[in-house]
Amino acid sequence: MDQKNSRATPSTMTTCARCGETHEGLPLTWTCSVENGQRVYFCVACARQHLRSIEGRLDSAWW
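Bear in mind that the values here come from a model prediction, so they are computed numbers and not experimental data.

Caption draft 1: The arrangement of the overall build of the protein in detail. On a plain count of helices and strands, the protein comes out with 2 helices and 4 strands. Taken from N to C terminus, the helices and strands of the protein fall in the order β-β-β-β-α-α. Per-residue burial for the protein yields a buried fraction of 25% across its 63 residues. Here the contacts in the protein between residues at least 6 apart in sequence split such that 25% fall between residues at least 24 apart. A total accessible area of about 5300 Å² is found for the protein, and carbon and sulfur atoms account for 48% of it.

Caption draft 2: View of the nonpolar core. Formed by Cys-16, Trp-30, Val-40, Tyr-41, Phe-42, Cys-43 and Cys-46, the largest nonpolar core amounts to 7 residues. In terms of residue count, strand β4 (residues 38-42) provides more of this core than any other element does, 3 residues in total.

Caption draft 3: Inspection of the environment of Arg-39 at higher detail. You can see Arg-39 is positioned in strand β4. Taking the C-alpha atoms as reference points, Arg-39 and Ala-17, 22 residues apart in sequence, are found 9.8 Å from one another.

Caption draft 4: Spatial organisation of the side chain of Glu-35. Mapped onto the elements, Glu-35 comes out in strand β3 (residues 31-35). Among all residues touching Glu-35, those that are not within four sequence positions of it are Val-40, Phe-42, Leu-58, Asp-59 and Ser-60.

Caption draft 5: Expanded view of the environment of Ala-61. Summarising the element assignment, Ala-61 is placed in the segment after α2 (51-55). Counting along the chain gives 26 residues from Ala-61 to Glu-35, while the straight-line C-alpha distance between them is 9.7 Å.

What counts and how
- Residues numbered from 1 in each chain as written.
- Predicted model: local features only at pLDDT ≥ 70, side-chain atom pairs only at ≥ 80, totals over all residues.
- Heavy atoms only, no water.
- Helix = DSSP H or I, 4+ residues; strand = E, 2+ residues; numbered from the N terminus.
- Buried < 20%, exposed > 50% of the residue type's maximum accessible area, 1.4 Å probe, protein only.
- Contact = heavy atoms within 4.5 Å.
- Areas by Shrake-Rupley, 256 points an atom, 1.4 Å probe, with all protein chains shown as cover.
- Core = buried A, V, L, I, M, F, W, Y, C linked by side-chain atoms within 4.5 Å.

Below is the structure:
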């Protein structure tokens, strides 16, 4: 298959799209969302704070 492997490796840094918190690799507890064709990640604190908006599938620009 000609699919791109978008999985994070331990040497990459993942950044929360809301608060800017960084973490090495891809944390299992973070939330992933696809907005405008791109994957964005949210840390645990931001995901909990905006849970209803995430469940309602609102773009993060509306939070």
